[in-house]
Amino acid sequence: MGASHISNRSEGTSERWSRRGVLTVLGVVPAAVLTGCSGSAGAAESSSSGGASATASAKAAKVPTVTVLPADGTKKAGFATPVEVSVTDGTLATVKVTGNDGSTLAGTFNDAKTKWTSTKNPYSGTKYTVAAQAQGATAKTATFTTKSPGETFVGYFTPEADSTSGVGMPVSINFTHAVKDRAAVQKAITVTAEPAVEVVGHWFSDTRLDFRPETYWAAGTKITLSLRLKDVEGQDGIYGTQSKDVTFHIGRAQISTVDLSSKEMVVKRDGKTLATYPVSGGNAQHTTWAGIMVISERFKQTRMESSTVGLGDEYDISDVPHAQRLTTSGTFVHGNYWASTSVFGSENTSHGCVGLHDAKGANNSSVAGYKFYDSSMLGDVVIVKNSGDKTVAADNGLNGWNLSWANWKAGSAV
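Rules and cut-offs
- Residues numbered from 1 in each chain as written.
- Predicted model: local features only at pLDDT ≥ 70, side-chain atom pairs only at ≥ 80, totals over all residues.
- Heavy atoms only, no water.
- Helix = DSSP H or I, 4+ residues; strand = E, 2+ residues; numbered from the N terminus.
- Buried < 20%, exposed > 50% of the residue type's maximum accessible area, 1.4 Å probe, protein only.
- Contact = heavy atoms within 4.5 Å.
- Areas by Shrake-Rupley, 256 points an atom, 1.4 Å probe, with all protein chains shown as cover.
- Phe/Tyr/Trp six-rings, centres within 6.5 Å; stacked < 30°, edge-to-face > 60°.
- Lys NZ or Arg CZ within 6 Å of the ring centre and 35° of its normal.
- Pairing = 2+ DSSP bridges.
- Salt bridge = Lys/Arg side-chain N within 4 Å of Asp/Glu carboxyl O.
- Axes fitted to C-alpha atoms, helices over the stretch in contact; angles between N-to-C directions.
- Core = buried A, V, L, I, M, F, W, Y, C linked by side-chain atoms within 4.5 Å.
- pLDDT = per-residue confidence, 0-100.
- Polar contact = N/O pair within 3.5 Å; in protein donor to acceptor, adjacent residues only side chain to side chain.

A look at the overall build of the chain
Next up, step 1: Scanning the chain for helices and strands turns up five helices and 28 strands.
Next up, step 2: Buried residues in the chain amount to 40% of all 414 residues.
Next up, step 3: Within the chain, residue pairs in contact and separated by at least 24 positions form 62% of the contacts whose partners lie at least 6 positions apart.
Next up, step 4: Total accessible area computed for the chain in this model is approximately 21400 Å², and 51% of it derives from carbon and sulfur atoms.

So this is what it looks like as structure tokens:
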């Protein structure tokens, strides 16, 4: 009975079961086959390939992004830091930075070529255009304008550009503002000579910097002064403005020696005696400075007043002939028409100057004052000895030759 019941139930449902079962199996088996056999590997491969393609597509879709500092459109950018160009998702191919003054800023890439940095800072008060291109991308252009400095300084230099001077002429620079960062300013100034010789700067004060070689310049030397002071900070908030090259020339070598014991001046040119003149120097109360002095100014005629050198109203001569300045404090070598001819070569009667016999009006070419003036130029050396006075201070005029080379170099800031 039990077996029959089971059998009858089976028989009663066999057709329905078979049809649904077949449908069910037909629906399940292919899924099982896809899941459990070779179809599974194909699906995994397809999935992996699709993911890699998506990643590659995503990477390919990334465009290099170039960034410029100072940022595009900046109106008052700083000028104390370099210009920087960087890129993300790429490498830099070219960078060019051009100022509206025609200047360009050179620069270098990092090893990965993802960053470019200018080797120098941009100039103040200048509009710059940056053209940067990343590999495989279109070029990017940016502009910015640097601000102007609040306060500025310049250096006034001696000798004048394109002039010819004697062998004793230093390059002397006087600044319009006191310089606190002497090293920064001195590094921005170079003096070179042809033929080459070591030239060193010496600071006499916060406003004066002179350059000279160890010994006098060689005759015929060409000297070049290079000023790169633009945007150099001399002191807090005060910047230089000059960027220029200036050339000077040295003429023949003329050195005159004044011996106030013998009251005689011997003039030598290129090592040979050119002339000997009788002179009169400072008297016992107003001795003449001793030492090496350089002619810094020349006047065919000039007025000399004792009050300007602290001597009250002792003299006032409106037409001193053939006057050549030796010190800032008022020492000259000049012609003298008011003293007796017999004074020269026999007495020291002046208030500190070196005098030569001359004629009123400065036009008599036969007298010593005229002849010496006519043979001289700015930068010529006049050495005074046996004057009874001490050696002139190195900063009293262009007289740095009175310092030893070691002491001169000790005054350099670099």
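Considering unusual backbone geometry
For residues besides glycine, phi is generally negative; the peptide bonds are generally trans as well.
Next up, step 1: The peptide bond linking Thr158 to Pro159 adopts the cis configuration, its omega dihedral lying at 5°.
Next up, step 2: Note that Pro159 resides in the loop between strand E10 (155–158) and strand E11 (164–165).
Next up, step 3: Cis geometry marks the peptide bond from Glu194 to Pro195; its omega dihedral reads 5°.
Next up, step 4: On the secondary structure map, Pro195 appears in the loop between strand E13 (189–194) and strand E14 (200–205).
Next up, step 5: We note that Asp270 has phi near 50°; this positive angle belongs to a residue other than glycine.
Next up, step 6: For Asp270, a relative accessible area of 49% translates into the label partly exposed.
Next up, step 7: Not every positive phi belongs to a glycine, and Asn386 is a case in point at roughly 55°.
Next up, step 8: Residue placement: Asn386 occurs in the loop between strand E28 (381–385) and helix H5 (405–410).
Next up, step 9: The exposure class of Asn386 is partly exposed, given its relative accessible area of 48%.

Remarks on the packing of aromatic side chains
Next up, step 1: Counted by the stated rule, this structure contains nine aromatic pairs.
Next up, step 2: An angle of 85° between the planes, with centres 5.0 Å apart, marks the rings of Tyr337 and Trp338 as edge-to-face.
Next up, step 3: A relative accessible area of 39% places Trp338 in the partly exposed class.
Next up, step 4: Grouped by ring-pair contacts, the aromatic residues Phe153, Phe175 and Trp203 constitute a single cluster.
Next up, step 5: Looking at Arg212, its charged tip hangs above the ring of Trp408, at a distance of 4.8 Å from the centre.
Next up, step 6: Taking the ring centre of Tyr373 as reference, the NZ or CZ of Arg298 above it sits at 4.0 Å.

Focus: the sheet that holds E11
Next up, step 1: The four strands are arranged E11-E19-E16-E13 in an open sheet whose pairing can be described as mixed. At either margin of the open sheet sits one strand with a lone partner, and together these are E11 and E13.

Quick word on the pattern of salt bridges
When charged atoms on two side chains of opposite charge get close, those side chains can pair.
Next up, step 1: For the structure shown, the criterion picks out ten salt bridges.
Next up, step 2: Two residues, Glu297 and Arg325, come together in a salt bridge whose shortest N-O distance is 2.6 Å. Of the two residues, Glu297 sits in strand E24 (residues 297–305) while Arg325 sits in strand E25 (residues 316–325), which places them 28 residues apart along the sequence.
Next up, step 3: Each of Arg303, Glu305 and Asp316 takes part in one network of salt bridges that share partners.

A closer look at the sheet that holds strand E9 (residues 151–153)
Next up, step 1: Pairing is mixed across the open sheet formed by three strands, whose spatial order is E9-E18-E17. Edge strands, defined here as strands with exactly one partner in the open sheet, are E9 and strand E17 (233–235). Each strand axis lies, on average, 45° off the axis of its neighbour in the sheet, ignoring direction.
Next up, step 2: Sheet topology places E17 next to strand E18 (residues 238–240); two bridges connect them, and they run antiparallel. Within the sheet, the bridge partner assigned to Gln235 lies in E18 and is Ile238.

Brief notes about the side chain of Ser375
Next up, step 1: Mapped onto the fold, Ser375 is located in helix H4 (residues 368–375).
Next up, step 2: Ser375 gets classed as buried once you look at its relative accessible area, which sits at 14%.
Next up, step 3: Not counting chain neighbours up to four residues away, the residues in contact with Ser375 comprise Arg252, Gln254, Arg269, Leu274 and Asp380.

Quick word on the nonpolar core
Side chains of nonpolar character tend, in soluble globular proteins, to be buried together.
Next up, step 1: Phe175, Val185, Ile189, Val191, Phe211, Leu225 and Leu229 are the most contacted members of the largest nonpolar core, which has 31 residues in total.
Next up, step 2: For Val185, the contacting residues outside a window of four places in its chain are Phe153, Phe175, Val179, Trp203, Leu229, Val232 and Gly234.

A look at the confidence of the model for the chain
Next up, step 1: Scored by pLDDT, the chain comes out at a mean of 89, with 85% of its residues at no less than 70.
Next up, step 2: Confidence drops under a pLDDT of 50 for residues 1–47, and excluding neighbours within four residues, the segment shows six contacts in the predicted structure.

Concerning the side chain of Arg325
Next up, step 1: In terms of polar contacts, Arg325 uses its side chain to reach the side chain of Glu297, at 2.6 Å.
Next up, step 2: In this structure Arg325 touches Val294, Ile295, Ser296, Glu297, Gly330, Thr331 and Phe332, once residues within four positions along its chain are discounted.

What about the environment of Phe144?
Next up, step 1: Mapped onto the fold, Phe144 is located in strand E8 (residues 140–145).
Next up, step 2: Taking relative accessible area as the criterion, Phe144 reaches 1% and is therefore assigned buried.
Next up, step 3: C-alpha separation for the pair Phe144 and Lys76, spaced 68 residues apart in sequence, amounts to 7.9 Å.
Next up, step 4: What Phe144 contacts, discounting residues up to four positions off in sequence, is Pro70, Ala71, Thr74, Ala77, Val83, Thr126, Lys127, Tyr128 and Val130.

What to know about the pairing of strand E15 (residues 208–212)
Next up, step 1: With five of five residues buried, E15 lies mostly within the body of the structure.
Next up, step 2: Neither face of E15 is left uncovered, since the one carrying Arg208, Asp210 and Arg212 and the one carrying Leu209 and Phe211 both have all their residues buried.
Next up, step 3: By the bridge criterion, four bridges tie strand E12 (residues 171–175) to E15 in an arrangement that is antiparallel. Its bridge partner lying in E15, Ser172 is registered against Asp210.
Next up, step 4: Bridging between E14 and E15 involves five bridges; their strand directions are antiparallel. Across the sheet, Ser205 pairs through a bridge with Arg208, a residue of E15.

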